[in-house]
Amino acid sequence: MLTPDATLDVAAAMARVHAPDYLAFLAQAWDDWVSQDPANAKFDALPSVWPLVVPLGLDTFEGDPISGFKLRSTDYLQLGHAIAQLGLPTVLTFEGG
């Protein structure tokens, strides 16, 4: 797993990758969970390690016989760079077919 800089603002990072409605839902769900048992408040709602999971389906490669995608090796490098710029801990998984 890749890890972010120790100074990562988790709330700001979450706001960059999640819709406001989803973040509001998470906040309400957290409040509901704590109201069920106040001892739950001791847990970190947004832990410093909150990985972004990226499934890598290589059927998007230009030579794949079962898809219409036309990505090239350089496209994957650019996508990886864009993901790295998020500064989030990231898990890359391979999909199989």
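All values reported here derive from a predicted model rather than from experimental measurement.

Reading the values: the criteria
- Residues numbered from 1 in each chain as written.
- Predicted model: local features only at pLDDT ≥ 70, side-chain atom pairs only at ≥ 80, totals over all residues.
- Heavy atoms only, no water.
- Salt bridge = Lys/Arg side-chain N within 4 Å of Asp/Glu carboxyl O.
- Helix = DSSP H or I, 4+ residues; strand = E, 2+ residues; numbered from the N terminus.
- Buried < 20%, exposed > 50% of the residue type's maximum accessible area, 1.4 Å probe, protein only.
- Pairing = 2+ DSSP bridges.
- Right-handed = clockwise from strand over helix to strand, strands pointing away.
- Phe/Tyr/Trp six-rings, centres within 6.5 Å; stacked < 30°, edge-to-face > 60°.

### Focus: the pattern of salt bridges
- A complete count under the given rule lists one salt bridge for this structure.
- The shortest N-O distance in the salt bridge between Glu62 and Arg72 comes to 3.3 Å. With Glu62 in the loop between β1 (52-56) and α3 (73-85) and Arg72 in the loop between β1 and α3, the pair connects residues that are 10 residues apart, well separated along the chain.
- Look at Glu62 and you get partly exposed, because its relative accessible area is 36%.

### A closer look at the pairing of strand β2 (residues 90-94)
- Where β1 meets β2, five bridges bridge the pair, whose relative direction is parallel. In the sheet register, Leu56 faces β2, and the bridge partner there is Phe94.
- The handedness of the β1 to β2 crossover, carried by α3, is right-handed.

### Here we look at the packing of aromatic side chains
- Enumeration according to the criterion identifies four aromatic pairs in this entry.
- Measuring from centroid to centroid gives 6.4 Å for Tyr22 and Phe25, while their planes differ by 25°, and the two rings are stacked. Residue Tyr22 and its partner Phe25 are located together in helix α2 (residues 20-36), separated by three residues, close to a single helical turn.
- On the basis of relative accessibility, which here comes to 38%, the residue Tyr22 falls in the partly exposed class.
- Exposure remark for Phe25: the relative accessible area of 53% places this residue in the exposed category.
- Three or more aromatic residues joined by ring pairs form one cluster here, namely Trp30, Trp33 and Phe43.

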